[in-house]
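Here are the chains, one letter per residue:
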Amino acid sequence: MKFISTRGQCAPVGFNAAVAAGLAPDGGLYLPERLPDIRPLLPRWSNLAYADLAYEFLHLFATDVSSAELRNLVDRSYIRFAHPDVAPLVELRDGLWVLELFHGPTLAFKDFAMQLLGGLYANQILHTGQFINVLGATSGDTGAAAIHSLLGLEGVRIFILYPRGRVAPLQERQMACTGASNVFPIAINGNFDDAQRIVKELFSDHAFHAKMRLSAVNSINLARTLGQCIYYIHAWRRLPEAVREAKDLEFIVPTGNFGNIFAGWLTRQMGLPIGRLCVATNQNDILYRFFTSGRYESGPVLPSLAPSMDIQVASNFERFLYYLDQNDPAAVRGVMEQLRATGKWTCENFDPGVFRATHANDEEIREIIDDLYACFHYVADPHTACGFADIDPDRPTVVLGTAHPAKFPETIRDTLGFEPTAPALEALKNRTVIRHELPAEADAVRAFIEEHGV
Ligand SMILES: *Cc1c(COP(=O)(O)O)cnc(C)c1O
């Protein structure tokens, strides 16, 4: 299987090359050259363990990874999940489920794809013999998930920039209390945009990039997209047969960068019988506005109770755009250029198709957390809560639970009067924080990486 760029100005590449590159050389994002039809495979996949399902699915794409290596990779990827079913489907009432994606090492859904990506990096180092320095910026969950996928790995140093004082205290502890000597959490004196700007600047410094063999962790890596398709299939096979066959099943996805829900849509394109997909945003509702009006227009980011969905530009949206534009890379380039120049774009005659969208502000998030506890005794984190803003009572519905409520103890305490806990987080509370503080300047970070890199 080959992978093409959404911008169509570079040659198709194999799986390993697409994963190693992250971003395509023409600035586009990688997509499978063609999508397999998984429908005939679903019966055979229905009783497999999660890791076995992951193996079968990834095998369709990672054709340049040997079977033994892929086997090893998936076995390693899900072993640190605390629940035996990896992604348990919890029934709240007849016809309404939560797919809990927060039983991984950092208690957010990003572990699913990130654990896989960590294993792929390890393989790459094994094959090339070249050590790498991983660099990324985070507002919380991505950085923690990346660190925990590369913890203690030989030949990798990981540098994660985050805005000092602006990530949740437990998120910081997840990054800064690992005790691993290859992990360097860097608190910069600036905001998330500064962190991202520095990372971009260092990646575009070609001499430095090459010398330090920099690798990115970001939400646009192909392995993350594919790694996130698997739990849609997993959830579907756990549903009652009548629901699976009714064809009106809806998945509701708390959305920020459009990575998670895009994976669901892609799986539907491969034949998984999903009736509808709902983009659930918080008050940063650029995607809500797009899916209800066809207008895509970024505004200022408003900090919310669901910080991992506080985005201004949905970086995975370009992948969806490719299909929306009838697979025409020239059209994608046109839209991306217009977005870069003006920050807005309107899709003529937009048809949302299988998508709908909802949004929830902070007050609504609190109300939902309260209601879910009153009705079902279920404690939802503020991100997952956004998924319950507008449930269609006539459809079987799966809401994706994207984070463990114990990651956001203040919000839950203010709303429900108690603090949820998770063993993985309790253990962190007594550990020493080891972080590095730097000014928000590329030169300072460059010098730090030169000193501590591998
Ligand atoms: C990253 C994240 C999201 C948003 O997912 P996208 O793939 O960016 O749309 C939602 N909830 C949580 C808890 C997250 O960490």
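This text follows the structure it describes.
Because the structure is a prediction, the values reported are computed rather than measured.

J.: Would you take a moment to explain the overall build of the protein for this structure?
T.: Within the protein one finds 20 helices and 15 strands. For a compact globule of 454 residues, the expected C-alpha radius of gyration is about 22 Å, and the protein comes in at 21 Å, within 12% of that figure. Taken over the C-alpha atoms alone, the protein extends approximately 60 × 50 × 50 Å along its principal axes. In the protein, buried positions account for 58% of the 454 residues. Considering only contacts within the protein whose residues lie at least 6 apart along the sequence, 74% involve residues at least 24 apart. Surface summary for the protein: the accessible area is close to 18000 Å², and the carbon and sulfur share equals 49%. Counting 40 positive and 52 negative side-chain charges, the protein places the averaged centre of each group 4 Å from the other.

J.: Explain the site of the ligand to me, please; I cannot follow it from the model alone.
T.: Residues in close proximity to the ligand total 15 residues, the closest being Lys110, Asp141, Gly256, Asn257 and Thr402. A distance of 2.5 Å separates an oxygen atom of the ligand from a polar side-chain atom of Lys110. Asp141 has a polar side-chain atom sitting 2.6 Å from an oxygen atom of the ligand. Among the residues forming the shell around the ligand, the class breakdown is 5 nonpolar, 8 polar and 2 charged.

J.: What exactly am I supposed to notice about the packing of aromatic side chains here?
T.: Each aromatic ring pair is characterised by the separation of its centres together with the angle its planes make. Tallied over the full model, the rule gives 34 aromatic pairs. Ring centres of Phe184 and Phe448 lie 5.9 Å apart, and the angle between their planes is 80°; this geometry places the pair in the edge-to-face category. Here the residue Phe184 occupies a position in strand E7 (residues 183-189), and Phe448 occupies one in helix H20 (residues 442-452), the gap between them amounting to 264 residues. Judged by relative accessible area, which is 9%, Phe184 ranks as buried. Aromatic pair Phe258 and Phe317: ring centres 5.6 Å apart, planes at 70°, arrangement edge-to-face. Of the two residues, Phe258 sits in the loop between strand E9 (250-254) and helix H12 (259-269) while Phe317 sits in helix H14 (residues 317-324), which places them 59 residues apart along the sequence. Comparing Phe258 with Phe317 shows no difference in burial state: the two are buried. Across from the ring centre of Tyr55, 5.0 Å away, lies the NZ or CZ of Arg71, which sits over that ring. Over the aromatic face of Phe208 sits the side chain of Arg446, whose NZ or CZ is 5.8 Å from the ring centroid.

J.: I keep staring at the packing of helix H5 (residues 110-128) against helix H6 (residues 141-150) and nothing clicks. Help me out?
T.: Angle between the axes and distance between the axes are the two parameters that describe a pair of packed helices. Where H5 meets H6, the closest approach of the two axes is 8 Å, and the angle between their N-to-C directions is 40°. Relative to H6, the element H5 lies oblique. At the point where H5 passes H6, the crossing takes the right-handed sense. Taken together, the residues of H6 that come into contact with H5 (itself represented by Lys110, Asp111, Met114, Gln115, Gly118 and Tyr121) are Asp141, Thr142, Ala145, Ala146, His148, Ser149 and Leu150. Class assignment for the residues of the contact of H5 with H6 results in 5 nonpolar, 5 polar and 3 charged.

J.: Got a minute to help me understand helix H8 (residues 192-204) in this structure?
T.: An α-helical turn contains 3.6 residues, so a residue and the one three or four places further along point in the same direction. The end-to-end C-alpha separation of H8 is 18 Å, in line with the 18 Å expected for 13 residues at 1.5 Å each. Among all positions in H8, only Ala195, Ile198, Val199, Leu202 and Phe203 are buried. Here the buried residues of H8 occupy an arc of 130° about the axis, which is enough to place them on one side. Exposed and oriented more than 90 degrees from the buried face of H8 are Asp193 and Lys200.

J.: Sorry if this is basic, but what is going on with the sheet that holds strand E5 (residues 132-137) here?
T.: To summarise the sheet geometry, strands pair through backbone hydrogen bonds and adopt either a parallel or an antiparallel arrangement. The strand order across the open sheet formed by 5 strands is E8-E5-E6-E7-E15, and the pairing between neighbours is parallel. Taken across any chain shown, the strands that pair with only one partner, and hence form the sheet edges, are strand E8 (214-216) and strand E15 (436-439). Across the sheet, the mean angle separating the axes of adjacent strands is 30° when strand polarity is ignored. Looking at chain direction, E5 and E8 are connected through 3 bridges and run parallel. Note on E8: the bridge partner recorded for Asn133 is Leu214. Lying over the sheet, H6 contacts E5, strand E6 (156-163) and E7, oriented at roughly 165° with respect to E6.

J.: Help me out: how do you make sense of the packing of H6 against helix H7 (residues 169-176) in this one?
T.: For the pair H6 and H7, interaxial distance at closest approach is 8 Å and the crossing angle is 25°. In this view, H6 runs roughly parallel relative to H7, as classed from their interaxial angle. Considering only the axes of H6 and H7, their crossing is left-handed. Where H6 abuts H7, its residues Asp141, Gly143, Ala144, Ile147 and His148 lie against Gln171, Gln174 and Met175. Of the residues contributing to the contact of H6 with H7, the split by class is 3 nonpolar, 4 polar and 1 charged.

The rules behind the values
- Residues numbered from 1 in each chain as written.
- Predicted model: local features only at pLDDT ≥ 70, side-chain atom pairs only at ≥ 80, totals over all residues.
- Heavy atoms only, no water.
- Helix = DSSP H or I, 4+ residues; strand = E, 2+ residues; numbered from the N terminus.
- Rg over C-alpha atoms; globule rule 2.2 N^0.38 Å.
- Buried < 20%, exposed > 50% of the residue type's maximum accessible area, 1.4 Å probe, protein only.
- Contact = heavy atoms within 4.5 Å.
- Areas by Shrake-Rupley, 256 points an atom, 1.4 Å probe, with all protein chains shown as cover.
- Lys, Arg positive; Asp, Glu negative; His and termini not counted.
- Charge placed at Lys NZ, Arg CZ, Asp CG, Glu CD.
- Near = heavy atom within 4 Å.
- Polar contact = N/O pair within 3.5 Å; in protein donor to acceptor, adjacent residues only side chain to side chain.
- Nonpolar A, V, L, I, M, F, W, Y, C, P; charged D, E, K, R; others polar.
- Phe/Tyr/Trp six-rings, centres within 6.5 Å; stacked < 30°, edge-to-face > 60°.
- Lys NZ or Arg CZ within 6 Å of the ring centre and 35° of its normal.
- Axes fitted to C-alpha atoms, helices over the stretch in contact; angles between N-to-C directions.
- Parallel < 35°, antiparallel > 145°, perpendicular 65-115°, else oblique.
- Left-handed = near helix turned anticlockwise from the far one by under 90°.
- Expected span 1.5 Å × (residues − 1).
- Arc of directions from axis to C-beta.
- Pairing = 2+ DSSP bridges.

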